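Analysis of the macromolecular model
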Amino acid sequence: MRRLFNTVLLAIFVAVIIVLSYWTGKWSYSWMPVQGTAEAEQVDNLFSFLVAVGTFIFLGITGVIGYSILTCRASKDDFSEGHPSRSNAKIEILWTLTPTVLVIWIAAQSFSIYEQLNILGLSPIVMHHLPLEEPAYADAAPSGKERTTTQNQAKPASEEIGVTAKQWAWIFRYPNAVTSNELHLPVNQSVRLVLRSEDVLHGFYVPEFRVKQDIIPNRTITFVFTPLREGQYRLRDSQFSGTYFSLMDADVYVESPERYGQWLSQAADRQPALASNRAYAEYTQDVQSDRQSWPTISPAPPQSVNDASTQGQ
């Protein structure tokens, strides 16, 4: 009878922590910014699953510890040893097979997300002592010049936009030779970003897109994503790139294809104007007022673009 009671009690305990873990996993969606892309949905699903699994493990372990403390105490003068659990084949198989299956599944889901992003241009990892062959997608370039990524393995995209990062500003190049310091994206259409750095390591980071991609000097890195939610977002540099890196941000607009096409057409007809550059403006002000207290490089001067944001001016 007692054994049946313990079995029922264990079943109730497991059911409760499963419900609590499921609820915590669903609740974790609210911890993240709004989902701005199709890929963000998959990232959040994977995050929710990890939270649910972590909650189940935490509650299971703490529950067993608490139960043992309350019900399995030895008397004050009892120095005998408990029943050994070693060499139990069933337990060994269970705690080896279960984490293995979970890790493989998580790896498969992560790989699927990277497949959708179609990130190109990251390989090879150069080893100083191991000569590596050139990868199939990297064209050999003359010495001192940038390697470019061919599109032989590239996923089709409705729009391709060039992104140039430099200390400390973003410049975006659109079809029809339109340039801007704002990133405009058509909703519900796949977009390929072609990332380049003119100086040091930068990071393309929009929290709502669940995208944080390093931009490596002397490389061209591309990835594909699909915006799903119209609105205004904020692009930031996720890598420390120098004195004024905190000012290196840009507005991101996800809009209907019609509005995007209208903006692109209007921008093409505008005369080039200087883009806002808060880092350059602050640096100039600091130098003029003699407030610069540590050595730093001079920020890149404002660049002429077809569509110049007044943000920061």
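Here's what I pulled together on the structure shown here.

Conventions we followed
Residues numbered from 1 in each chain as written. Predicted model: local features only at pLDDT ≥ 70, side-chain atom pairs only at ≥ 80, totals over all residues. Heavy atoms only, no water. Helix = DSSP H or I, 4+ residues; strand = E, 2+ residues; numbered from the N terminus. Buried < 20%, exposed > 50% of the residue type's maximum accessible area, 1.4 Å probe, protein only. Contact = heavy atoms within 4.5 Å. Salt bridge = Lys/Arg side-chain N within 4 Å of Asp/Glu carboxyl O.

1. Some remarks on the environment of Val194
Inspection of the secondary structure assignment puts Val194 in strand E5 (residues 191-197). For Val194, a relative accessible area of 8% translates into the label buried. Residues Val194 and Ile221, spaced 27 residues apart in sequence, show a C-alpha to C-alpha distance of 5.9 Å. With residues up to four places along the chain from it excluded, the contact list for Val194 reads Glu160, Ile161, Gly162, Val163, Thr220, Ile221 and Thr222.

2. Things to note about the pattern of salt bridges
Using the criterion set out here, one finds 6 salt bridges in the structure. The partner of Asp251 in a salt bridge is Arg234, and the shortest N-O contact between them spans 2.1 Å. Of this pair, Asp251 sits in strand E10 (residues 249-255) while Arg234 sits in strand E9 (residues 231-237), and the two are 17 residues apart along the sequence. Accessibility classification places Asp251 together with Arg234 in one group, the buried group. Arg278 is paired through a salt bridge with Asp249; the nearest N and O atoms lie 2.8 Å apart. Highlighted residues: Arg278 in helix H5 (residues 278-288) and Asp249 in strand E10, separated in sequence by 29 residues. Look at Asp249 and you get buried, because its relative accessible area is 13%. Connected through salt bridges with shared partners, the residues Arg234, Arg236, Asp249, Asp251 and Arg278 form a single ionic network.

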